[in-house]
Amino acid sequence: MDAIPQTMGPQFGRRSWAEPWKIKMVEPLRRVTAAERVSALRAADYNTFLLKSDDVYIDLLTDSGTGAMSDRQWAGMMLGDEAYAGSRNFYRLEAAVRTHYGYAHILPTHQGRGAEHLLSRCAITPGQLVPGNMYFTTTRLHQELAGGVFVDVIVEDAHDTTSLHPFKGNVDLGRLEALIAKEGANRIAYVSLAGTVNMAGGQPVSMENVKALRVLCDRHGVRIFLDATRMAENAYFIQEREPGYADVPIAAIVREFCSCTDGAWMSGKKDNLVNIGGWLAVNDWTLYEELRNLIVVYEGLHTYGGMAGRDMEAMAIGIEECLQDDYIRSRVGQVHYLGELLTDWNVPIVQPVGGHAVFLDARAFYPHIPQHEFPAQTLAAELYLDSGIRAMERGVVSAGRNPETGDHNFPRLELTRLTIPRRVYTQAHMDVVAESVKTIFDRRAETRGLRMTYEPRYLRFFQARFERL
Ligand code: F0G
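Residues numbered from 1 in each chain as written. Predicted model: local features only at pLDDT ≥ 70, side-chain atom pairs only at ≥ 80, totals over all residues. Heavy atoms only, no water.

*Asks:* Explain the site of the ligand here, please?
*Replies:* In the vicinity of the ligand lie 17 residues, with T62, R113, D227, S267 and K270 positioned nearest. Note that an oxygen atom of the ligand is positioned 2.8 Å from one of the side-chain N or O atoms of Q111. In the model, an oxygen atom of the ligand is placed 2.8 Å from a nitrogen or oxygen of the G112 main chain. Its atoms largely coinciding with the cavity grid, the ligand occupies the second largest pocket. It is helix α4 (residues 112-123) that provides the largest number of residues to the shell around the ligand, a total of three residues. The two domains that each donate at least three residues to the shell around the ligand are domain 1 (34-63 + 325-468) and domain 2 (71-322). (Near = heavy atom within 4 Å. Polar contact = N/O pair within 3.5 Å; in protein donor to acceptor, adjacent residues only side chain to side chain. 1 Å grid on protein atoms, 1.4 Å probe; cavity = no way out; pocket = protein on both sides within 12 Å on 5 of 7 lines; lining within 4 Å. Sits in = over half its atoms within 2 Å of the grid points. Helix = DSSP H or I, 4+ residues; strand = E, 2+ residues; numbered from the N terminus. Domains from an automatic or database assignment.)

*Asks:* I'm lost on the domain arrangement of the protein in this one. Help?
*Replies:* When the parts of a complex come together, some accessible area is lost, and that lost area is often taken as the interface size. With domains assigned, the protein is organised as domain 1 (34-63 + 325-468) and domain 2 (71-322). Computed from C-alpha atoms alone, the centre-to-centre distance between domain 1 and domain 2 is 26 Å. In this complex, domain 1 contributes 34 residues to the contact, which on the side of domain 2 involves 41 residues. Counting each side, the surface lost to burial between domain 1 and domain 2 is near 2900 Å², with a carbon and sulfur contribution of 57%. Contact with domain 2 buries area across many residues of domain 1, yet I328, P352 and L413 alone supply 19% of it, more than any other trio. Across the salt bridge formed by R423 and E321, the nearest N and O atoms sit 3.0 Å from each other. Among the elements that take part in the side of domain 1 that touches domain 2, helix α12 (residues 325-344) stands out by supplying seven residues, more than any other. (Contact = heavy atoms within 4.5 Å. Buried area = accessible area lost by both parts, 1.4 Å probe. Salt bridge = Lys/Arg side-chain N within 4 Å of Asp/Glu carboxyl O.)

*Asks:* Just checking my understanding: could you explain the environment of V432 for this structure?
*Replies:* Among the secondary structure elements, V432 is positioned in helix α16 (residues 427-442). A C-alpha to C-alpha distance of 27 Å links V432 and N272, two positions 160 residues apart in sequence. Look past the residues within four positions of V432 in its chain and what remains in contact with it is Y57, I58 and I389.

*Asks:* For this particular structure, what's the right way to read the packing of aromatic side chains?
*Replies:* The geometry of two aromatic rings is summed up by the distance between their centres and the angle between their planes. Within the structure shown, the criterion is met by 12 aromatic pairs. When the ring of F90 is compared with that of Y91, the centres are 5.1 Å apart and the planes differ by 70°; the resulting orientation is edge-to-face. In this structure F90 comes out as buried when scored by relative accessible area, which is 4%. Geometrically, the ring pair formed by W285 and Y288 is tilted, given 5.3 Å between the ring centres and 55° between the ring planes. (Phe/Tyr/Trp six-rings, centres within 6.5 Å; stacked < 30°, edge-to-face > 60°. Buried < 20%, exposed > 50% of the residue type's maximum accessible area, 1.4 Å probe, protein only.)

*Asks:* Sorry if this is basic, but what is going on with helix α14 (residues 375-387) here?
*Replies:* Each α-helix winds once per 3.6 residues, and so residues spaced three or four apart point in a common direction. Between its terminal C-alpha atoms α14 stretches 19 Å, which fits the 18 Å expected from 13 residues at 1.5 Å a residue. Taken across its 13 residues, α14 has 11 buried, putting it largely inside the fold. Within α14, the full set of buried residues consists of P375, A376, Q377, T378, L379, A380, A381, E382, L383, Y384 and S387. Two residues or fewer after α14 comes G388, characterised by a positive phi angle close to 80°. (Expected span 1.5 Å × (residues − 1).)

*Asks:* I'm lost on the environment of R457 in this one. Help?
*Replies:* Its place among the elements puts R457 in the loop between β11 (450-454) and β12 (465-468). Judged by relative accessible area, R457 falls into the exposed class, the value being 72%. Sequence separation of R457 and G400 is 57 residues, and the distance between their C-alpha atoms is 9.0 Å. Reaching out from R457, the side chain makes a polar contact with the side chain of Y458 at a distance of 3.2 Å.

*Asks:* Explanation requested: the sheet that holds strand β10 (residues 415-419) in the structure shown.
*Replies:* Neighbouring strands of a sheet are bound in pairs by backbone hydrogen bonds; such pairs are parallel or else antiparallel. Here we have three strands laid out as an open sheet, ordered β8-β10-β9, and antiparallel in their pairing. Only two strands of the sheet have a single neighbouring strand rather than two, namely β8 (357-361) and β9 (392-394). Neighbour-to-neighbour, the strand axes of the sheet open up by a mean angle of 35°, direction not taken into account. Across three bridges, β9 lies against β10 in antiparallel orientation. Residue M392 lies in a different strand from β10, and its bridge partner there is R417. Of the strands in this sheet, β8 and β10 touch α12, which is tilted by about 25° from β8. (Pairing = 2+ DSSP bridges. Axes fitted to C-alpha atoms, helices over the stretch in contact; angles between N-to-C directions.)

*Asks:* How should the layout of surface pockets be read in this particular structure?
*Replies:* Over the atoms rolls a probe the size of a water molecule, and in doing so it shows where empty space is left. Estimated volume of the largest pocket: approximately 1400 Å³. If you go around the largest pocket, you meet 35 residues; those closest to its centre are M25, E27, A68, R423 and V424. Of all elements in the fold, only α2 (71-77) and α12 reach the threshold of two or more residues within the lining of the largest pocket. Broken down by element, the residue count for the lining of the largest pocket peaks at three residues, all from α2. Tallied by class, residues from the lining of the largest pocket come to 16 nonpolar, eight polar and 11 charged. Among the domains, domain 1 (34-63 + 325-468) and domain 2 (71-322) are the pair contributing at least three residues each to the lining of the largest pocket. There is about 570 Å³ of room inside the second largest pocket. (Points joined across faces, edges and corners; volume = space filled by probe spheres on them. Nonpolar A, V, L, I, M, F, W, Y, C, P; charged D, E, K, R; others polar.)

*Asks:* What exactly am I supposed to notice about the pairing of strand β6 (residues 263-267) here?
*Replies:* Side-chain direction in a regular strand flips from residue to residue, so the side chains alternate between the two faces of the sheet. With five of five residues buried, β6 lies mostly within the body of the structure. Along β6, one buried face is formed by G263, W265 and S267 and the opposite face, lined by A264 and M266, is buried too. Pairing geometry for strand β5 (residues 224-227) and β6, over three bridges, is parallel. Bridging from a neighbouring strand, L226 pairs with A264 of β6. Taken together, the five bridges between β6 and strand β7 (residues 278-282) define a ladder with antiparallel strand orientation. If you follow G263 over to β7, its bridge partner there is V282.

*Asks:* Explain the confidence of the model for the protein here, please?
*Replies:* Detailed reading of the predicted coordinates is not advisable wherever pLDDT falls low. Put simply, the protein has an average pLDDT of 96, and 97% of its residues get 70 or more. Of the regions scoring below 50 in pLDDT, residues 1-7 engages in six contacts with residues more than four places distant in sequence or in other chains. (pLDDT = per-residue confidence, 0-100.)

*Asks:* Teacher, can you tell me more about the nonpolar core here?
*Replies:* Generally speaking, nonpolar side chains in soluble globular proteins are found buried as a group. In terms of nonpolar packing, the biggest core is built from 60 residues, with Y101, L193, L226, F257 and W279 touching the most fellow members. Here this core spans two domains, since at least three of its residues come from each of domain 1 (34-63 + 325-468) and domain 2 (71-322). Residues in contact with Y101, not counting those within four places in the same chain, are A96, A228, V254, R255, C258, M266, N272, W279, I319 and C322. Core analysis: the next-biggest nonpolar cluster, separate from the first, contains 31 residues, V335, I349, A391 and I420 among them. (Core = buried A, V, L, I, M, F, W, Y, C linked by side-chain atoms within 4.5 Å.)

Printed below as a string of structure tokens:
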């Protein structure tokens, strides 16, 4: 008995959780040398999106399409029915979305932005406003390209990285009501609601908020469309934090939440645990008919929408797996493990830690670097130089320019995202990541900012180039 460490075992008052899976196949990682990192980052002009994946050690660029599929999903890939029309896998996917998200009419799309494109074109009349709980890059761009004007109506706390509000993704209902009163309900295309809110740090929306939003929107005849990309993670926070939901299964919470909305779009590459794919779902038949007509122009026939049959099968299985309570607890638990390590070391991060990523507060990290010298982009570059870990900028570069004035949009949040892929890395990887962040934090005073040398027209963060000041 003497050999048992004091911290282990229930008899000492501690119970750990563990991933509800074991590893069956592994992919080797390469440790990249310091000299290789310097030359790779220079060749990528300080933009982590332009690095070759072979030059990356631990890849926390995104949780999009980077998850590990289960053995059941891989088995499902062998059941692909690659018929052009009416593939059996489409009907499996349709049934899974109907059962678990509850919408009536389902269209597959090649990924989330394919669905955003179609919905924006069919549900926005040029000149209309699209209020939402903080912008997302591709979502807002498609709304703008369709002639809409995005209006941020997220709660004020979302812009404060230190606020401990449990639902920082909530819609500020007072602001929305005032907007409708000022502009008239006819000028509102729909409310663009995301659960969780990526750009705010993966912050959730409460059930109370979505229910009140439904009441408000019904009063004015305004529709609500949901970005369901990380809705399972949102449901986890409701279960954890909202009175009355502690014993409600994740799947039931997702169903209840979605029932307050008129439809949803999905990037299946996140919650739904596939490497590619998405879907669009609405309850209104007339809108569905328009979408179904447009999908053949941009995505493919309405029974495949740009996806292979086997990929639709994997997504149908992924939908079931992502709603299991044990899975979602370990998924968000791993993100929180990393967040707690960094918090213990006083590294400034968005609090509370969100569902899919730990967001470093680059403003607080580098108070001496002004926002026009891209502190969050700089932080991502420094992290790569230190250890070969790849992160992503979510600050002024991601926010782009104001389409009318041409000036940078200067968001209040200047963040660097450490995004955790699903079912891919272990706790030991999280330790290595935290130690690298700590190392660059300790030498932060010496770090200089960046200058942009090339700027693409759309979604500039993907392909912009920089040099060191
Ligand atoms: N909505 C949200 C909330 C997203 O995070 C994304 C993608 C999309 C829509 C678009 O989906 O990539 O399948 O076309 N987010 C990725 C990220 C790119 O890294 O956060 P997509």
